[in-house]
Amino acid sequence: MCGIAIEVEDGRIVSIRGDRDDPFSRGHVCPKAVALKDVHEDPDRLRRPVRRTSRGWSEVGWDEALGEAAERLAAVQNAHGKNAVAVYQGNPVAHNHGALIFGQLLLRSLGSRSRYSATSVDQLPQMLASLLMFGHQLLLPIPDIDRTEFLLVLGANPLASNGSIMTAPGVEKRLKALRARGGRLVVADPRRTETAALADQYLPIRPGGDAFLLGAMLHVLFAEERVRLGRLAGFTDGLHVVADAVRSFAPEAVSARTGLEAATIRALARDFACAPSAAAYGRVGVCAQEYGGVASWLVNVLNVVTGNLDRPGGVMFPRPAVDAVAFADRIGQRGHFDKGRSRVRGLPEFSGEWPVATLAEEIETPGPGQVRALITSAGNPVLSTPNGARLDRALARLEFMVSIDLYRNETTRHAHLILPPTSGLERPHYDLVFHALAVRNTAKYSPALFEPPPAARHDWEILLDLAARLEVARDGPSLKGRLTRAVFRSLGPEGIIGLLMRFGPHGPGLLPFGRGITLGRLRKRPHGVDLGPLEPSLPGRLYTRAKRIDLAPARLVEGLQRAVLALSEARGANGSLELIGRRELRSNNSWMHNCERLVKGRDRCTLLMNPGDAQRRGLAGGQRVRVASRVGSVEAALEVSEAMRPGVVSLPHGWGHGREGTSLQVANAVPGVSLNDLTDELRVDSLSGNAAFSGVPVDVTATG
Ligand SMILES: Nc1nc2c(c(=O)[nH]1)N[C@H]1C(S)=C(S)[C@@H](COP(=O)(O)OP(=O)(O)OC[C@H]3O[C@@H](n4cnc5c(=O)[nH]c(N)nc54)[C@H](O)[C@@H]3O)O[C@H]1N2
Ligand SMILES: Nc1nc2c(c(=O)[nH]1)N[C@H]1C(S)=C(S)[C@@H](COP(=O)(O)OP(=O)(O)OC[C@H]3O[C@@H](n4cnc5c(=O)[nH]c(N)nc54)[C@H](O)[C@@H]3O)O[C@H]1N2
Ligand SMILES: [Mo]
């Protein structure tokens, strides 16, 4: 989403800078943008399909590779049913409009219910809360960071992540501006992060404590009669149910579970309610924990009961040039929940997907519906999902696996075929997802910088072709399938986006020369256009039946009632530590460590530990330690840090390279270890099935 200016001479990139004329990012850029050059030029990046053979990997032509993939997938489906082929879609799908739109087409052709994605290790709880409260999984409230007077950040570190479900290029400047205009920034995180260092107040919360903190804040607001819905009162149901549900969450009762003083919680609740405007914002740290579903819901509730939902300075719903929310509605994807349970563990589906924490057991467990083949698209679940080591072993047992990916990495090394798409600089870019999550309405279309080499294929072309061949191989040729695909092929992703934009909220609609945004006009404004600040849009944009907010959906209230039982649970009593993750500016989940400029310098895959905890264990900084959880153990260098809350240790995710069969020369030289060889696939948010990465019990000892 950050505008970048790339200078090219004789077909080679000479510089990548932030684009000062971008109305949204105004010159801001992070190291990952500069590394686009490295990815593009990386000799390890695959440029032709490859096949795994008993004598190693060998290149194959597209026709042969796609034909073989389709036939083998069809054979598995014909022999064992459609659900025997699973799909995993990774995070970059959301950043790649071609893969996003045409991925839908492949899913349709495949007709398998065995669908997985990075959603269930990430924002699923937030989507669930939006689905149940507002009627649409993508109607996600975004903090109005540029106008708010009070920002409460829970489980997010925007200074490293750039703002997530709060697209905010140059977020540091925006947070400093908030404070400069007299606003307050409060950060709750078990680690005093880069973002916490900027804050007026830092709350060293215990891992998994957020639902309890939020429940207690709400308790205070109801008890002290500080609840003010304002205009939301006209279309909100369930206020009294919430008031009842938080009755047992007195600040004193949650103090042990949150690690925060009752007085601190009371004062925070009052400050939040009294601020002229306020926004509560929770992100990965809040989602990926045992009460992630409840906590994500309570973030929204706090915004509603203080009148801060859908108002300037609070949280609002973006309305970009392509309205992803309306589009998803039109294609029947408002979302649904618990329409079925997973075969082995009985976890609920969400919008047609199973929690990825169940993928390994679905591959390992025999019986009807067993997963025997897998398609991965832009994902690296061996490093990114809980107990990745188990999945690593399970993938080796698949009858067939095909990966659409740029690299032969920890996951795709198990594929029989890898189909590599063009690089990010060889295809155009329009951000379908992240404009819809941005703190301001803007639009930008970036043409492809380089012409792709003749033999290269875009993600969308690979997905379309695979879908077509699969249908033919499995069911024989059909006229309907051929027609649909002919239409999609001739439109291409740009044609589809062009239509969505023309008929979108800022488009001219049917008037050929009417005012408004079209893709053609956007092409002439490469720096992007500003469409103004977020604006109130409720109740009009609600998708619930009566266009009313459901503040107290039954499933979420039940989840909160279950959390009450945990209030008295003793934790960490046996001397074990609680493990959390972290993100850094120079990593992008698991897949950019093959860029020299992003990995050079000191070892970053260290275990952070509070000095008191280190001292008690007789450990010193720099020493190698063994970290062990229920599922496995890894060794890392210890880094003693005052930033850690006592009792909590942190390891970044996305490392653990250096595995046999991968072709990542740079990453493999600085492999680190995988946090997800410690996280536990059995620890999930019991409500949503999302992975609960936060607070895994671990023991830390000196290595032999
Ligand atoms: N540089 C960089 N940027 C990225 C990414 C990247 O890998 N690198 N990844 C991108 C992706 S996919 C995403 S989803 C976003 C994520 O964006 P963020 O959510 O901002 O990401 P994190 O930095 O992981 O922040 C999560 C914070 O939660 C804290 N935390 C852990 N457990 C708990 C808990 O129980 N309660 C509370 N209150 N806090 C807790 C962690 O210490 C951490 O500081 O970032 C995106 N941006
Ligand atoms: N413990 C712990 N685990 C976590 C997290 C955490 O905070 N803690 N964060 C979680 C989160 S928020 C996320 S989103 C997931 C990410 O999980 P994944 O999406 O599974 O993993 P990534 O590391 O993002 O891997 C992306 C893959 O896509 C490939 N790729 C990149 N661009 C393209 C493209 O344009 N097309 C194609 N076809 N391939 C491409 C890369 O080579 C790489 O293999 O990790 C999760 N895992
Ligand atoms: Mo993510």
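Everything in this summary refers to the structure shown in the same document. Remember, it's a predicted structure, so these values are computed and weren't measured experimentally. (Residues numbered from 1 in each chain as written. Chains lettered and ligands numbered in written order. Predicted model: local features only at pLDDT ≥ 70, side-chain atom pairs only at ≥ 80, totals over all residues. Heavy atoms only, no water.)

### Focus: the overall build of the protein chain
Of the regular secondary structure elements, the protein chain holds 25 helices and 29 strands. Compactness check: the protein chain gives a C-alpha radius of gyration of 25 Å against a globular reference of 27 Å for 704 residues, within 12% of the reference. With respect to the three principal axes, the spread of C-alpha positions in the protein chain is 70 × 70 × 55 Å. With 704 residues in all, the protein chain has 60% of them scored as buried. A separation threshold of at least 6 residues defines the contact pool for the protein chain, and within that pool the share at least 24 residues apart is 74%. (Helix = DSSP H or I, 4+ residues; strand = E, 2+ residues; numbered from the N terminus. Rg over C-alpha atoms; globule rule 2.2 N^0.38 Å. Buried < 20%, exposed > 50% of the residue type's maximum accessible area, 1.4 Å probe, protein only. Contact = heavy atoms within 4.5 Å.)

### A look at the site of ligand 2
Close to ligand 2 lie 29 residues; Tyr-88, Asn-91, Ser-384, Asp-405 and Ser-590 are nearest. Contacts to ligand 2 include Asn-380, whose backbone N or O atom sits 2.9 Å from an oxygen atom. Within the side chain of Asp-459, an N or O atom sits 2.8 Å from a nitrogen atom of ligand 2. Protein chains shield 97% of the accessible area of ligand 2, which is 920 Å² for the free molecule. Here the shell around ligand 2 gathers at least three residues from each of two domains, domain 2 (50–113 + 355–429 + 442–527) and domain 4 (572–702). (Near = heavy atom within 4 Å. Polar contact = N/O pair within 3.5 Å; in protein donor to acceptor, adjacent residues only side chain to side chain. Areas by Shrake-Rupley, 256 points an atom, 1.4 Å probe, with all protein chains shown as cover. Domains from an automatic or database assignment.)

### Description of the pairing of strand S3 (residues 50–53)
Bridge analysis of S3 against strand S4 (residues 56–59) gives four bridges, and the strand direction is antiparallel. From the neighbouring strand, Val-50 faces S4, where its bridge partner is Glu-59. Here S3 folds back onto S4, and the loop between the two strands holds two residues. Inspection of the sheet shows S3 paired to strand S18 (residues 417–419) by two bridges, in the antiparallel sense. (Pairing = 2+ DSSP bridges.)

### Considerations on the sheet that holds strand S8 (residues 150–154)
Strand order in the open sheet formed by four strands is S10-S9-S8-S12, with parallel pairing between adjacent strands. Strands at the two margins of the open sheet, each flanked by one partner only, are strand S10 (201–203) and strand S12 (279–282). Between one strand and the next, the sheet's axes are offset by a mean angle of 15°, whatever the strand orientation. By the bridge criterion, four bridges tie S8 to S12 in an arrangement that is parallel. (Axes fitted to C-alpha atoms, helices over the stretch in contact; angles between N-to-C directions.)

### Some remarks on the packing of helix H5 (residues 124–134) against helix H14 (residues 292–305)
Where H5 contacts H14, the axes come no closer than 8 Å and their chain directions differ by 55°. If you check the angle between H5 and H14, you find them oblique. H5 and H14 meet at a crossing whose hand is right-handed. For the pair H5 and H14, contact is made by Pro-125, Gln-126, Ala-129, Met-133 and Phe-134 and by Gly-292, Gly-293, Ser-296, Trp-297, Asn-300 and Val-301, respectively. For the contact of H5 with H14, a count of residues per class yields six nonpolar, five polar and no charged. (Parallel < 35°, antiparallel > 145°, perpendicular 65-115°, else oblique. Left-handed = near helix turned anticlockwise from the far one by under 90°. Nonpolar A, V, L, I, M, F, W, Y, C, P; charged D, E, K, R; others polar.)

### Thoughts on the site of ligand 1
Taken together, 31 residues are adjacent to ligand 1, and Asp-189, Gly-208, Asp-210, Ser-587 and Asn-589 come closest. In the environment of ligand 1, a nitrogen atom lies 2.9 Å from a nitrogen or oxygen atom belonging to the backbone of Glu-584. Bound to the protein, ligand 1 loses 94% of the 920 Å² it would expose on its own. Listed by contribution, the elements that provide at least two residues to the shell around ligand 1 are helix H6 (158–161) and helix H13 (284–287). Broken down by element, the residue count for the shell around ligand 1 peaks at three residues, all from H6.

### Considering the sheet that holds strand S27 (residues 633–640)
The strand order S24-S28-S25-S27-S26-S29 describes a closed barrel built from six strands, whose pairing is mixed. When the angles between neighbouring strand axes are averaged without regard to direction, this sheet yields 45°. Examined bridge by bridge, strand S24 (residues 577–580) and strand S29 (residues 696–702) share three bridges and lie antiparallel to one another. Pairing of Glu-578 across the sheet is with Pro-697, part of S29.

### Description of a positive patch on the surface
Among the surface-exposed residues, Arg-17, Arg-20, Arg-26 and Lys-173 lie close enough to one another that they form a single positively charged patch. Summarising the element assignment, Arg-17 is placed in strand S2 (residues 12–18). (Patch = residues over 30% accessible without salt bridge, like charges linked within 9 Å, V, L, I, M, F, W, Y side chains within 5 Å. Salt bridge = Lys/Arg side-chain N within 4 Å of Asp/Glu carboxyl O. Lys, Arg positive; Asp, Glu negative; His and termini not counted. Charge placed at Lys NZ, Arg CZ, Asp CG, Glu CD.)

### Examining the pairing of strand S16 (residues 373–377)
In terms of burial, S16 is a largely internal element, five of the five residues being buried. Side chains Ala-373, Ile-375 and Ser-377 project from S16 onto one buried face, and the interleaved Leu-374 and Thr-376 project onto a second face that is buried too. For strand S5 (residues 85–89) and S16, the ladder comprises five bridges, and the chain directions are parallel. Across the sheet, Ala-86 pairs through a bridge with Leu-374, a residue of S16. Note that S16 and strand S17 (residues 400–404) share five bridges and pair parallel. For Ser-377, the partnering residue across the bridge sits in S17 and is Ile-404.

### Looking at the packing of aromatic side chains
Applying the stated criterion across every chain yields a total of seven aromatic pairs. Relative to Tyr-291, the ring of Phe-212 has its centre 5.4 Å away and its plane inclined at 80°; by these criteria the two rings are edge-to-face. Here Phe-212 is found in helix H9 (residues 210–223), whereas its partner Tyr-291 is found in the loop between H13 and H14, with 79 residues between them in sequence. Accessibility expressed as a relative area gives 0% for Phe-212, which makes it buried. On the basis of an interplanar angle of 55° and a centroid distance of 6.4 Å, the ring pair of Phe-337 and Phe-350 is categorised as tilted. Placement of Phe-337 in strand S14 (residues 337–341) and of Phe-350 in strand S15 (residues 348–350) is noted, with a sequence separation of 13 residues between them. Residue Phe-350 is classed as buried on the basis of its relative accessible area of 4%. The rings of Phe-102, Trp-460 and Phe-488 are connected pair by pair, giving a single aromatic cluster. (Phe/Tyr/Trp six-rings, centres within 6.5 Å; stacked < 30°, edge-to-face > 60°.)

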